[in-house]
Amino acid sequence: MSTGRRLWAYAATLPAHLLGGLAGALLAGACQLLLVLYAKPLLDNATNAAGVSVDGLVRVTISIFIFGVGISVGELAYMYLLDYVAQGVVLNMRGDLFRHLQALSLGFFEDASTGALVSRATNDLSVIQTRLNNDLAALLRQPVMIVGLLVGILVLSSWQLMAFTLLVGGAMLPVINFTSARMKLHTAQIQESLADLTAHLTESLGGIRVVQSFGASEHEIARFEADNRATRRAMMRAVRVRAVLRPLLHLISIVGLILLLVAGGWLYSQGLATMGDIGLVLASVPTLSGAFKDFGRARLAWAETMAASERVFELIDTAPDLVDAPDAVDLGAIEGRLEFRNTGFHYRTGSDVLTDIDLHIEPGQMVALVGASGSGKTTLANLVPRLYDVTAGALLIDGHDVRAVTRASLRAQIGIVPQ
Ligand SMILES: Nc1ncnc2c1ncn2[C@@H]1O[C@H](COP(=O)(O)OP(=O)(O)O)[C@@H](O)[C@H]1O
Ligand SMILES: [Mg+2]
């Protein structure tokens, strides 16, 4: 399932809020559209050679008021409801991530850097938490506005003016597409370097005793500084994209406005357009430009959300490598007969630690393992609660292979005192 669909699936767990929020965004978009389109009847009435119609003026004024209220109500609804949904999405994603981490094996955590894992649960989720919000309503509201505006100009005015307006809008879309694609890339880089930074921080602080004993503080500071600067560089790339988008759209809209005024003026001089048409153009262009800016900003936020979500989902999707067998049974109350049968073991990275261990331990028997440091005592003990799977032979408790029973029923009957 694509990242967008997965986010959508999370949001769909709150259908009432989601639908209410989307309806609010549609209402606000539609009312804003009607408000702009009313510029034409208003101006045509005011410049009517036959005189101003007071009735018409009152009708228009009341309508404008109603649309204004519609925008407010729609905004209130979507701002609250869509943020409610967004926070629900974050709540569930974070919960799923933590639940998944709990299911992963000890081997996984030894291979992965704790800092990088923590970074996904904090830095990446916080990007989602801040970017996934009601600003994204613009992704629905503004296209409604933009398409409606074009149709409105076509119906109320002329196809020529509509075509010009379409041209202006058409020039903005590629700019938005390009910048949001860049933004997704940059966000992934930012999150990657933040993960490095967090990993470094966790390692350095976790090993602070070693760092200080060996007088390695200066070395650690220099290393941290390098990561720190890399993060800033990645961040600045995103800042540049964000800084350039709005002014660029603004520039396009100014050029567009000039072109539209020239075209409108010419149409007017030819008797092909009324003063209302020109008013409609004047009202439309800033609205159109505002709509595209709003839409563009939402696209950037969406790109950031997607980049961070991909990283979170990637972690949620790592398959646990040590799971209960599909037909695993409950171990039941055990007596405690332990049998290592030709047992062998090696860590993922490394040579054999245990080979051909044959060991029987009877219930109630007390056994001490004695050996040099690094000879494999802890490793042997860790096989019993199945923190690791044997890589050769088998390990049985009361005749049950530990891989054939559920881990919960096995571990519930083992006591461990860590060193
Ligand atoms: N998580 C691990 N990953 C890779 N190698 C390990 C890991 N833990 C221990 N080892 C290696 O396995 C061997 C046995 O270690 P261990 O069982 O801790 O010995 P002991 O408890 O007898 O001191 C050692 O060579 C050690 O370096
Ligand atoms: Mg040990």
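Residues numbered from 1 in each chain as written. Chains lettered and ligands numbered in written order. Predicted model: local features only at pLDDT ≥ 70, side-chain atom pairs only at ≥ 80, totals over all residues. Heavy atoms only, no water.

Colleague: Just to check I follow, could you spell out the pairing of strand S2 (residues 352-361) for this structure?
Modeller: On a regular strand, one side chain projects to one face of the sheet and the next to the other, so that they alternate. Note that strand S1 (residues 338-346) and S2 share 6 bridges and pair antiparallel. In the sheet register, Phe340 faces S2, and the bridge partner there is Leu359. Counting the residues that bridge the hairpin from S1 to S2 gives 5 residues, and of these Gly350 lies at a positive phi of roughly 150°. (Pairing = 2+ DSSP bridges. Helix = DSSP H or I, 4+ residues; strand = E, 2+ residues; numbered from the N terminus.)

Colleague: I would appreciate a short explanation of the pairing of S1 in the present structure.
Modeller: As paired elements, S1 and strand S3 (residues 392-397) share 5 bridges and run antiparallel to each other. Residue pairing for S3: Gly344 is matched across the bridge by Ala392.

Colleague: How should I be thinking about the pattern of salt bridges in this particular structure?
Modeller: Opposite charge on two side chains lets them pair, provided their charged atoms get close. Applying the stated rule across the entire model yields 22 salt bridges. Note that Lys40 is salt-bridged to Asp277, the shortest N-O span being 3.1 Å. Of this pair, Lys40 sits in helix H3 (residues 39-46) while Asp277 sits in helix H11 (residues 275-316), and the two are 237 residues apart along the sequence. A residue is classified by how much of its surface remains accessible, and Asp277, at 5% relative accessible area, is buried. Among the ionic pairs, Arg341 bridges to Glu339, the shortest N-O distance being 3.0 Å. On the accessibility criterion, Arg341 (40% relative accessible area) is partly exposed. Salt bridges linked by common partners bring Lys40, Asp44 and Asp277 together as one network. (Salt bridge = Lys/Arg side-chain N within 4 Å of Asp/Glu carboxyl O. Buried < 20%, exposed > 50% of the residue type's maximum accessible area, 1.4 Å probe, protein only.)

Colleague: So what exactly am I meant to see when it comes to the site of ligand 1 here?
Modeller: Taken together, Glu110, Tyr347, Val353, Ala372, Ser373, Gly374, Ser375, Gly376, Lys377, Thr378 and Thr379 make up all the residues around ligand 1. The contact in question runs from a nitrogen atom of ligand 1 to an N or O atom on the side chain of Tyr347, over 3.4 Å. Gly376 has a polar backbone atom sitting 2.9 Å from an oxygen atom of ligand 1. Examining the composition of the shell around ligand 1, we find that 3 residues originate from one element, helix H12 (residues 377-383), more than from any other. Each residue belonging to the shell around ligand 1 can be placed in one class, and the counts come to 3 nonpolar, 6 polar and 2 charged. (Near = heavy atom within 4 Å. Polar contact = N/O pair within 3.5 Å; in protein donor to acceptor, adjacent residues only side chain to side chain. Nonpolar A, V, L, I, M, F, W, Y, C, P; charged D, E, K, R; others polar.)

Colleague: Explain the domain arrangement of the chain here, please?
Modeller: For an interface, size is often stated in terms of accessible area lost upon the parts coming together. By domain assignment, the chain separates into domain 1 (3-316) and domain 2 (338-411). Between the C-alpha centres of domain 1 and domain 2 there is a distance of 55 Å. If you look at the interface, domain 1 gives 7 residues, while domain 2 gives 5 residues. Interface area, domain 1 with domain 2, both sides summed: about 440 Å², of which 41% is carbon and sulfur. Broken down residue by residue, the surface that domain 1 buries against domain 2 is led by Leu106, Glu110 and Asp111, which jointly contribute 68%. Among the salt bridges present, the one from Asp111 reaches Arg348, with a minimum N-O distance of 3.1 Å. (Domains from an automatic or database assignment. Contact = heavy atoms within 4.5 Å. Buried area = accessible area lost by both parts, 1.4 Å probe.)

Colleague: Which parts of the structure should I look at to understand the packing of helix H1 (residues 3-11) against helix H4 (residues 54-103)?
Modeller: Each pair of packed helices can be described by the angle between their axes along with the distance between the axes. Two elements in contact, H1 and H4, have axes whose closest approach is 8 Å; the angle formed by their N-to-C orientations is 105°. Between H1 and H4, the crossing angle belongs to the class labelled roughly perpendicular. Contacts between H1 and H4 involve Leu7, Tyr10 and Ala11 on the former and, on the latter, Val85, Val89, Asn92, Met93 and Asp96. Of the residues contributing to the contact of H1 with H4, the split by class is 6 nonpolar, 1 polar and 1 charged. (Axes fitted to C-alpha atoms, helices over the stretch in contact; angles between N-to-C directions. Parallel < 35°, antiparallel > 145°, perpendicular 65-115°, else oblique.)

Colleague: Just checking my understanding: could you explain the environment of Leu395 for this structure?
Modeller: Among the secondary structure elements, Leu395 is positioned in strand S3. A relative accessible area of 1% places Leu395 in the buried class. For Leu395 and Val384, which are 11 residues apart along the polypeptide, the C-alpha to C-alpha distance reads 7.5 Å. Non-local contacts of Leu395, meaning those with residues more than four positions away in its chain, are made with Leu338, Glu339, Phe340, Leu383, Val384, Val390, His400, Asp401 and Val402.

Colleague: Help me understand the side chain of Asn134, please; the structure alone is not making it clear to me.
Modeller: Among the structural elements, Asn134 can be located in the loop between helix H6 (114-131) and helix H7 (138-156). What makes Asn134 buried here is its relative accessible area of 12%. A polar contact is formed between the side chain of Asn134 and the backbone oxygen of Met79, at a distance of 3.4 Å. Look past the residues within four positions of Asn134 in its chain and what remains in contact with it is Tyr78, Met79, Leu82 and Asp83.

Colleague: Can you help me understand unusual backbone geometry in this one?
Modeller: Glycine aside, residues mostly have negative phi, and peptide bonds are mostly found in the trans state. Even without being a glycine, Asp356 presents a positive backbone phi close to 45°. Inspection of the secondary structure puts Asp356 in strand S2. Residues other than glycine seldom take positive phi values, yet Arg386 does so here, at roughly 60°. The topology assignment puts Arg386 in the loop between H12 and S3.

Colleague: Looking at this structure, how should I read the side chain of Ser204?
Modeller: Looking at where Ser204 falls in the secondary structure, it is placed in helix H8 (residues 159-206). Judged by its relative accessible area of 14%, Ser204 falls in the buried class. When near neighbours in sequence (up to four residues on either side) are disregarded, Ser204 contacts Val211 and Glu220.

Colleague: Looking at this model, I keep getting lost on a positive patch on the surface. Mind explaining?
Modeller: Side chains of Arg232, Arg233, Arg237 and Arg240 sit close together on the surface and give a patch of like positive charge. The topology assignment puts Arg232 in helix H10 (residues 217-269). You can call Arg232 exposed: its relative accessible area is 57%. (Patch = residues over 30% accessible without salt bridge, like charges linked within 9 Å, V, L, I, M, F, W, Y side chains within 5 Å. Areas by Shrake-Rupley, 256 points an atom, 1.4 Å probe, with all protein chains shown as cover. Lys, Arg positive; Asp, Glu negative; His and termini not counted. Charge placed at Lys NZ, Arg CZ, Asp CG, Glu CD.)

Colleague: What exactly am I supposed to notice about the sheet that holds S3 here?
Modeller: Paired through backbone hydrogen bonds, the strands of a sheet run either parallel or antiparallel to each other. Spatially, S2-S1-S3-S4 is the arrangement adopted by the 4 strands of the open sheet, whose pairing is antiparallel. For this open sheet the edge positions go to S2 and strand S4 (400-401), each flanked by a neighbour on one side alone. The sheet contact formed by S3 and S4 spans 2 bridges and is antiparallel. If you follow Ile397 over to S4, its bridge partner there is His400.

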